[in-house]
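Summary of structural features
Below, each chain spelled out in residue letters.
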Amino acid sequence: MTARLFCTRNSLLGAMLCGMLFGATAPSLAAGCEFDIQGEGVVSAVVDARTLRLEDGREVRLAGVEIVAGEPKDRKSVFTALIGRHMILRGERDDPDRYGRQSVFLYYPEPSAGSAQHDLLARGEAIASADIVDKACATELAAAEAAARQTRRGTWANSSVVKNVQNPGDILTRVGQFAVVEGKVVSVRHAGGTVYVNFGRRWTRDFAATISRRMVPYLEAAGIAPSSLENRRVRIRGWVERRGGPRINVLRVGQIELIGD
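First things first, this report covers the structure right here in the doc. Values in this document were obtained by computation on a predicted structure and should not be read as measured data. (Residues numbered from 1 in each chain as written. Predicted model: local features only at pLDDT ≥ 70, side-chain atom pairs only at ≥ 80, totals over all residues. Heavy atoms only, no water.)

**Comments concerning unusual backbone geometry**
The phi angle at Ala130 is positive, at roughly 65°, despite the residue not being glycine. Checked against the element boundaries, Ala130 lands in the loop between strand E7 (127–128) and helix H3 (135–150). Positive phi, close to 70°, is recorded for Asn231, a residue that is not glycine. (Helix = DSSP H or I, 4+ residues; strand = E, 2+ residues; numbered from the N terminus.)

Here is the structure:
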């Protein structure tokens with residue numbers, strides 16, 4: 001079964017067996033992220049867990065992934081193998097963020113070598129961030145992550161990477177950080193312009209995902225109707241906030257996965 005067929009049948013975060021080392025020359029499965037070339041450069045330093053500095057002084061942000069293992073100060077180490085490497089910059093857009101950083105996919109120059117993001121996901125050293133709009137690219141990244149998760153590579157060998165909704169205190173340790181949370185939905189409620197997907201009965205303590213009503217049509221078009229989530233097992237990813245109990249605000253379709261569907 002091909003990766004695209006599997007992902008189509010099993011939600012965006014489908015599974016496929018894949019993986020390679022940094023700089024490997026085996027064919028990559030991340031062809032869906034081969035956007036227009038925005039430039040090239042040699043990596044000279046790691047700024048933070050998603051930002052690299054090139055020899056010419058430019059700073060680039062790795063699109064499509066988040067590093068979640070370990071303490072924030074230790075997460076830069078996964079990029080050390082890229083220092084000194086000449087990389088091709090590809091991206092959906094060529095405009096920088098307010099800090100002057102460009103969001104890109106870093107591709108090795110060797111033919112069919114693929115991207116650093118794909119390698120990180122396949123090795124279990126990163127998780128998909130769900131912020132990629134392009135469906136083909138998002139599907140490929142999700143498949144690489146799912147393969148690492150199924151085979152418990154890297155980050156996924158640690159059972160604490162995915163937070164359990166039954167332990168809201170543990171989820172709160174990730175406030176201000178990216179996290180993956182999963183469990184059974186207890187109820188779905190509407191209040192004003194917000195849909196609350198509740199994983200417990202006490203809003204002051206338990207985890208919930210919040211969804212703007214404007215986001216609902218996009219979720220329904222992807223086969224994820226919030227009103228149908230009650231009593232289903234769901235995986236939510238995003239930035240953790242504390243509003244009573246722990247919360248994740250769902251801004252993109254890829255942040256919600258139906259487990260077992």
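**Regarding H3**
Between the first and last C-alpha of H3 there are 22 Å, a value that for 16 residues agrees with the 22 Å anticipated at 1.5 Å per step. The element H3 is extensively covered by neighbouring structure, given that 13 of its 16 residues are classed as buried. Its side-chain oxygen placed 3.3 Å from the backbone nitrogen of Ala136, Asp134 serves as the N-cap of H3. One or two residues past the end of H3 sits Arg152, with phi positive at roughly 55°. (Expected span 1.5 Å × (residues − 1). Buried < 20%, exposed > 50% of the residue type's maximum accessible area, 1.4 Å probe, protein only. Polar contact = N/O pair within 3.5 Å; in protein donor to acceptor, adjacent residues only side chain to side chain.)

**Section: the state of the cysteines**
Applying the stated criterion across every chain yields a total of one disulfide. For Cys33, the disulfide goes to Cys137, at an S-S distance of 2.0 Å. Between Cys33 and Cys137 the disulfide shows an S-S torsion of about 95°. By sign, it is right-handed. Here Cys137 lies in helix H3 and Cys33 lies in the loop between helix H1 (3–9) and strand E1 (37–46), a separation of 104 residues in the sequence. We classify Cys33 as buried; its relative accessible area is 1%. Note on Cys137: relative accessible area 0%, which makes it buried. (Disulfide = S-S within 2.5 Å.)

**Focus: the sheet that holds E1**
Around the barrel, which closes on itself, the five strands sit in the order E1-E2-E3-E6-E5 with mixed pairing between neighbours. Taken pair by pair, the neighbouring strands of this sheet meet at an average axis angle of 60°, ignoring direction. As paired elements, strand E5 (residues 86–90) and strand E6 (residues 102–107) share three bridges and run antiparallel to each other. Directly across from Arg90, in E6, lies its bridge partner Phe105. (Pairing = 2+ DSSP bridges. Axes fitted to C-alpha atoms, helices over the stretch in contact; angles between N-to-C directions.)

**Here's the deal with the nonpolar core**
Leu52, Phe79, Leu82, Phe105 and Leu106 are the most contacted members of the largest nonpolar core, which has 33 residues in total. Looking at this core, the elements with two or more residues in it are E1, strand E2 (51–54), strand E3 (59–62), E5, E6, helix H2 (116–122) and H3. Other than its neighbours up to four places away in sequence, Leu52 contacts Val43, Ala45, Val46, Val47, Arg58, Glu59, Val60, Leu62, Phe79, Leu82 and Leu106. Val185, Val195, Val197 and Ala209 belong to the second largest nonpolar core, which has 24 residues in total. (Core = buried A, V, L, I, M, F, W, Y, C linked by side-chain atoms within 4.5 Å. Contact = heavy atoms within 4.5 Å.)

Note that all results are geometric; they support no functional claim without further evidence.
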